[in-house]
Amino acid sequence: MMDFPPNTLRDLRVSYELDQLTEDKLPAEPLALFQAWLQDALSHQLPEPNAMTLATHGLDGFPSARTVLLKGLDAEGGFHFFTNYDSRKGAEIAADARASAVFLWTQRHHQVSLKGIIEKLPRAEAEAYFSVRPRGHQLGAWVSEQSRVIPGREWLEERRHEMEARFAGTEIPCPPNWGGYRLLPHELEFWQGRVSRLHDRIRYRRREDGSWCMERLSP
Ligand SMILES: Cc1cc2nc3c(=O)[nH]c(=O)nc-3n(C[C@H](O)[C@H](O)[C@H](O)COP(=O)(O)O)c2cc1C
């Protein structure tokens, strides 16, 4: 094992003593707990509290993961995010809609992991969200052929100039290959760091009838 920086990684550890998860205080539905934890992350002003690591099934058979931003939750418990449908993740989701995601709020000793099925959001939702993005981000969505190999940074800058000229003085429409997905989880796990690494892990699993079964897992 590489010892660099000397003894640093070996001795890096945090003691988790902020809170606990007890079954009698937990809601019957995981979405309520997720919302409470997201609100907790927001009120503690954590950086990018809506960032989640999204894992899909790579076309090469390997798991494939990247960060995306949660942009909405719906009443059925769907987690919404936006991206380029022609990206690597877009191709992977088209081939296999099963996915998982992880939220990590380290300063709060909270982790939420979930898995479920991804489906596309209606075009109208993409257009509505696209219309409120900053103009530079809108332009970026037209410039980037996300996940393609490109010859260099200059290629991006040239395309940016092209797109700036193309949309000069007009509103920038939502690109046809840009849009949203919702990840509808059937399983969510809430992890609360506890003392001596005896963490609390509570898993919710959706039953056939739509209700949720709650179980405690060993840390
Ligand atoms: C904090 C953070 C937030 C991100 N949010 C998004 C996002 O909401 N949508 C997106 O397409 N990419 C987002 N990205 C970029 C992705 O991580 C990734 O590089 C990109 O989507 C291409 O992934 P793919 O090649 O697997 O399709 C974000 C990256 C970071 C670090």
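Model, not experiment: these values are computed from the prediction.

Procedures and definitions
Residues numbered from 1 in each chain as written. Predicted model: local features only at pLDDT ≥ 70, side-chain atom pairs only at ≥ 80, totals over all residues. Buried ≥ 20, exposed ≤ 12 C-beta atoms within 10 Å, placed from the backbone. Helix = DSSP H or I, 4+ residues; strand = E, 2+ residues; numbered from the N terminus. Arc of directions from axis to C-beta. Near = placed C-beta within 6 Å. Nonpolar A, V, L, I, M, F, W, Y, C, P; charged D, E, K, R; others polar. Pairing = 2+ DSSP bridges. Expected span 1.5 Å × (residues − 1). Core = buried A, V, L, I, M, F, W, Y, C linked by C-beta atoms within 7 Å. Contact = placed C-beta atoms within 7 Å.

Undergrad: Would you explain helix H5 (residues 135-143) in this entry?
TA: Owing to its 3.6 residues per turn, the α-helix brings residues three or four apart onto one side. Residues of H5 that are buried: Gln138, Trp142 and Val143. The buried residues of H5 all sit within an arc of 145° when viewed along its axis, so they share a single face. The exposed set on the far side of H5, more than 90 degrees from its buried face, consists of Gly136 and His137.

Undergrad: Looking at this model, I keep getting lost on unusual backbone geometry. Mind explaining?
TA: Trans is the prevailing form of peptide bonds, just as negative phi is the prevailing case for residues other than glycine. If you check the backbone angles, Ser147 has positive phi at about 80° while not being a glycine. Mapping Ser147 onto the fold places it in the loop between H5 and helix H6 (153-166). If you check the backbone angles, Ser196 has positive phi at about 60° while not being a glycine. With respect to the helices, strands and loops of the structure, Ser196 is situated in the loop between strand E7 (178-192) and strand E8 (200-206).

Undergrad: Please clarify how the site of the ligand should be interpreted in this entry.
TA: Near the ligand you find 15 residues, and of these Thr83, Ser87, Arg88, Lys89 and Ser147 are the closest. Of the residues contributing to the shell around the ligand, the split by class is five nonpolar, six polar and four charged.

Undergrad: It is not clear to me how the pairing of strand E1 (residues 51-57) should be interpreted in this structure. Could you clarify?
TA: In summary, the side chains of a regular strand alternate between the two faces of the sheet. Only one face of E1 is buried, namely the one carrying Met52, Leu54 and Thr56, since none of Ala51, Thr53, Ala55 and His57 on the opposite face is buried. In this sheet, strand E2 (residues 63-69) lies alongside E1 in antiparallel orientation, the contact comprising seven bridges. What sits directly across from Ala51, in E2, is Leu69. Taken together, E1 and the strand that follows it, E2, pair antiparallel across an intervening segment of five residues, in which Gly61 is found at a positive phi of about 95°.

Undergrad: Would you mind going over the pairing of strand E5 (residues 98-105) with me for this structure?
TA: Here E1 runs beside E5; their pairing, made up of three bridges, is antiparallel. Its bridge partner being in E5, Thr53 is matched across the sheet by Val102. Here E5 pairs with strand E6 (residues 110-120) via eight bridges, running antiparallel. By the bridge assignment for E6, Trp105 is matched with His110.

Undergrad: So what exactly am I meant to see when it comes to H6 here?
TA: A rise of 1.5 Å per residue sets the reference length of H6, with its 14 residues, at 20 Å; its end C-alpha atoms lie 20 Å apart and thus fit the reference within 8%. Where burial is concerned, little of H6 is hidden: zero out of the 14 residues are buried.

Undergrad: Can you walk me through the environment of Ser131 in this structure?
TA: With respect to the helices and strands, Ser131 occurs in helix H4 (residues 123-131). Sequence separation of Ser131 and Arg194 is 63 residues, and the distance between their C-alpha atoms is 43 Å.

Undergrad: Can you help me understand the nonpolar core in this one?
TA: The nonpolar side chains of soluble globular proteins are, as a tendency, buried together. Counting 24 residues, the largest nonpolar core has Ala99, Ala101, Val112, Tyr181, Leu183 and Leu188 as its most contacted members. Mapped by element, the contributors of at least two residues to this core are helix H2 (30-43), E1, strand E4 (79-84), E5, E6 and E7. In terms of residue count, E7 provides more of this core than any other element does, six residues in total. When near neighbours in sequence (up to four residues on either side) are disregarded, Val112 contacts Phe34, Trp37, Phe103, Leu188 and Phe190.

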